[in-house]
Amino acid sequence: MMRAVQKRLARLGWGALALVSVQLSCIGPQAPDAVICQDVAARLCRSAGCTAVAGRLPGSDCAALLVGQAGCGTPDYAFTSPERERVLSCRITLMRSEDDAVLQCQAAADFLEACADVAAVYGVAP
Amino acid sequence: MKRFAAFATAFVFLVGCGGIARETRVERGPLLRHFSREQTVGLAGAQLRVEPGWPEAKFFFTREKQCRHEEVDEYAETRTTVRRAPGGGPALAAGVSQILAGLGLFLARGLFSDVPDTTRIDEGGRYPATARTQATIWSYVVMALGLPATVVGAVQLGQQGESSERMTAEVVTQARESVCETVPFSGALVVAAKGKPPVELNVTNGTIVAPVTSWVDVPLERWTLGGEAVHVVPTERAKLDALRACMRVIPAPAPETVVALAEAGRQLLAQAVDACVAAVPSAPVDETRQRLSGEPPSGSLTPAASFAEALAQFAPEITMTDASRLFDAETLRGKRIHVRSAVVQRHDSGHFLTQVGVQPVWLLTKPSAERTAIAPGQRVEVLATGAGLYASQGVSAPLLEVHRARLAP
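Since the model is a prediction, treat every value here as computed from it, not as a measurement.

Each helix and strand in chain B was counted, giving 10 helices and 15 strands. Burial statistics for chain B: of 409 residues in total, 37% are counted as buried. Once local pairs closer than 6 in sequence are excluded, the contacts in chain B between residues at least 24 apart make up 69%. Looking at chain B as shown, the accessible area adds up to about 22,200 Å², and 57% of this sits on carbon and sulfur atoms.

Now the structure itself:
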């Protein structure tokens with residue numbers, strides 16, 4: 001009886017510890033604002049050729065132009081308005097379906113519509 | 001915090017002591033002494049003793065005490081308890097190994113890179129954990145997993161050992177039990193027959209002299225004296241059964257009832273007569289015997305006698321007329337009775353419901369010319385014997401077994 005309880009407790013302890021450790025071991029340091037800003041520009045520019053956003057994004061050297069427009073080319077760049085959390089929440093839209101070109105185009109269009117304030121940082125018209 | 005610490009300590013000892021096997025060895029030493037002792041135990045309930053008689057019997061109730069005499073040997077005894085924890089060593093080894101492995105990983109964490117993979121940023125804007133962070137966390141995990149096993153193993157190993165206790169032990173070598181004290185048991189004797197109101201009799205000084213009526217026939221399990229059960233030894237039960245046999249044969253069953261009995265029934269009745277007489281030699285069973293043998297009963301009337309002659313021959317003990325007092329069935333039972341009554345109802349079974357003054361009386365008649373002539377509204381005069389209580393058509397009244405009847409002049 002007591003041995004069965006011991007075994008069950010041991011299993012529970014193992015499970016809980018493994019879960020916590022997996023969670024903890026997945027969390028690393030925060031990425032700087034400049035890197036986030038450049039990542040958003042790169043993701044947005046993957047859809048530059050889509051008809052849904054035609055004419056609203058630069059046709060060539062898109063990412064470099066957007067980064068230059070936003071001014072986040074330097075490592076000490078920091079988000080002010082909109083704030084970092086706002087940019088991150090808009091970035092989630094662009095992280096959808098990275099392998100599907102059609103869905104990517106739709107995500108870019110959604111981004112420009114829903115996150116006009118963020119798009120304005122990159123000099124992209126709503 | 002204190003509560004948590006107390007709980008944790010209790011938990012550790014509970015879990016740690018779970019795997020401990022205890023083995024107790026008893027070694028008997030030399031005989032210290034030999035002695036005798038007496039124990040007295042009061043037995044529950046009342047014991048019944050019966051002194052049969054008719055129409056009254058004596059019942060004695062006693063409370064018994066049982067004495068137990070014991071011969072006892074007292075020995076010295078050593079009780080040794082050995083506690084083993086077969087899982088303690090392996091648990092401790094496993095726990096320590098895990099802690100050492102975790103410690104090693106922790107100490108070696110500097111060997112892992114502390115640079116995150118910058119090509120991946122999660123939804124929260126964070127890089128994945130560095131290899132050093134992962135190694136550090138896992139070292140904590142491995143150490144944490146080893147800690148309980150280490151504690152449990154240590155506790156179990158700490159509990160191992162042997163303890164001895166010296167004491168004395170008694171061995172009863174011989175025991176005798178006997179009833180050593182009997183005292184009269186007085187109180188209210190309650191006999192509760194099923195479906196009837198209980199009969200309550202007062203037992204004084206452990207004795208009661210009571211008429212042998214229907215309460216005697218109630219099973220002993222339904223008797224209580226002072227709220228306690230009544231017990232009886234087999235010899236006394238036989239006497240009680242003999243009284244019950246007397247109740248079946250006194251007064252004598254109606255002749256037509258005896259005639260209607262099968263041979264087996266007649267034999268049972270004869271056995272009841274014998275049992276009754278064996279216990280109560282003076283029991284009036286002659287009439288029953290005569291009816292069983294087919295002879296006319298001594299109290300019966302010859303067919304040739306006129307009613308006046310029959311009345312003289314019958315010598316009634318009780319005369320019931322409209323002016324008489326009320327009689328209960330038990331008072332009339334077995335008595336020779338002269339009755340004048342008004343017929344109220346007539347039944348094919350030979351039963352007549354009659355009225356003596358305000359008292360209803362059942363008459364049981366034999367087939368005869370006189371019976372044929374009797375009809376409701378008439379007055380009759382009968383010579384009869386009381387036969388107990390009879391209930392029919394919602395009327396419960398004394399039953400009289402008619403020997404002779406005529407329309408009242």
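More follows now that the structure is in view.
Moving on to the pattern of salt bridges. Residues and elements named next belong to chain B. Scanning the model with the defined rule gives 26 salt bridges over all chains in all. Between Arg-84 and Glu-23 there is a salt bridge, with the nearest N and O atoms lying 3.6 Å from each other. Remark: Glu-23 occurs in strand β1 (residues 21-42) and Arg-84 occurs in strand β3 (residues 56-84); sequence separation between them is 61 residues. Judged by its relative accessible area of 45%, Arg-84 falls in the partly exposed class. Look at the salt bridges and you will find they share partners, linking Arg-37, Arg-68, Glu-70, Glu-170 and Glu-177 into a network.

This paragraph deals with helix α3 (residues 62-70) of chain A. Residues and elements named next belong to chain A. Along α3, the positions that sit buried rather than exposed are Cys-62, Leu-66, Val-67 and Ala-70. Seen from one end, α3 has its buried residues packed into an arc of 125°, which puts them on one side. Trailing α3 by a residue or two, Gly-71 shows a phi angle of about 80°, which is positive.

All names here are of chain B. Counted under the stated rule, the structure contains five aromatic pairs over all chains. Relative to Trp-215, the ring of Phe-59 has its centre 5.2 Å away and its plane inclined at 55°; by these criteria the two rings are tilted. Of this pair, Phe-59 sits in strand β3 while Trp-215 is found in the loop between β7 (207-211) and β8 (223-225), placing the two residues 156 residues apart along the sequence. Accessibility expressed as a relative area gives 0% for Phe-59, which makes it buried. Connected via pairs of aromatic rings, a cluster forms that spans Phe-59, Trp-215 and Trp-223. Between the NZ or CZ atom of Arg-28 and the centre of the ring of Tyr-75, over which it lies, the distance is 4.7 Å. The lysine or arginine in question, Arg-33, covers the ring of Phe-35, its NZ or CZ lying 4.2 Å from the ring centre.

Once that is clear, we can look at the confidence of the model for chain B. Residue and element names in this part refer to chain B. On average, residues of chain B score 85 in pLDDT, and 91% of them are at 70 or above. Between the elements of chain B, mean pLDDT differs from a low of 59, seen in helix α1 (residues 2-18), to a high of 92, seen in helix α2 (residues 88-107). Confidence drops under a pLDDT of 50 for residues 296-302, and excluding neighbours within four residues, the segment shows 15 contacts in the predicted structure. Taken over the whole predicted complex, pTM reads 0.40, whereas the ipTM for its chain interfaces reads 0.78.

Attention shifts here to the state of the cysteines. By the definition in use, this model includes six disulfides over all chains. One disulfide in the model links Cys-45 of chain A with Cys-62 of chain A; its S-S distance is 1.9 Å. Around the S-S axis, the bridge from Cys-45 of chain A to Cys-62 of chain A shows a dihedral of about -70° and counts as left-handed. Of this pair, Cys-45 of chain A sits in helix α2 (residues 33-45) while Cys-62 of chain A sits in helix α3, and the two are 17 residues apart along the sequence. One disulfide bridge connects Cys-67 of chain B with Cys-180 of chain B, the sulfur atoms lying 1.6 Å from each other. Its S-S torsion of approximately 70° makes the covalent link between Cys-67 of chain B and Cys-180 of chain B right-handed. Of this pair, Cys-67 of chain B sits in strand β3 while Cys-180 of chain B sits in strand β4 (residues 161-184), and the two are 113 residues apart along the sequence. With a relative accessible area of 15%, Cys-67 of chain B lands in the buried category. Its relative accessible area of 37% is what places Cys-180 of chain B among the partly exposed residues. Cysteine pairing in chain B follows 1-2, 3-4, where each cysteine in a disulfide is numbered by its order in the sequence. With cysteine numbering restricted to those in disulfides and following the sequence, chain A has the pairing 1-5, 2-4, 3-7, 6-8.

Analysis parameters
- Residues numbered from 1 in each chain as written.
- Chains lettered and ligands numbered in written order.
- Predicted model: local features only at pLDDT ≥ 70, side-chain atom pairs only at ≥ 80, totals over all residues.
- Heavy atoms only, no water.
- Helix = DSSP H or I, 4+ residues; strand = E, 2+ residues; numbered from the N terminus.
- Buried < 20%, exposed > 50% of the residue type's maximum accessible area, 1.4 Å probe, protein only.
- Contact = heavy atoms within 4.5 Å.
- Areas by Shrake-Rupley, 256 points an atom, 1.4 Å probe, with all protein chains shown as cover.
- Salt bridge = Lys/Arg side-chain N within 4 Å of Asp/Glu carboxyl O.
- Arc of directions from axis to C-beta.
- Phe/Tyr/Trp six-rings, centres within 6.5 Å; stacked < 30°, edge-to-face > 60°.
- Lys NZ or Arg CZ within 6 Å of the ring centre and 35° of its normal.
- pLDDT = per-residue confidence, 0-100.
- Disulfide = S-S within 2.5 Å.

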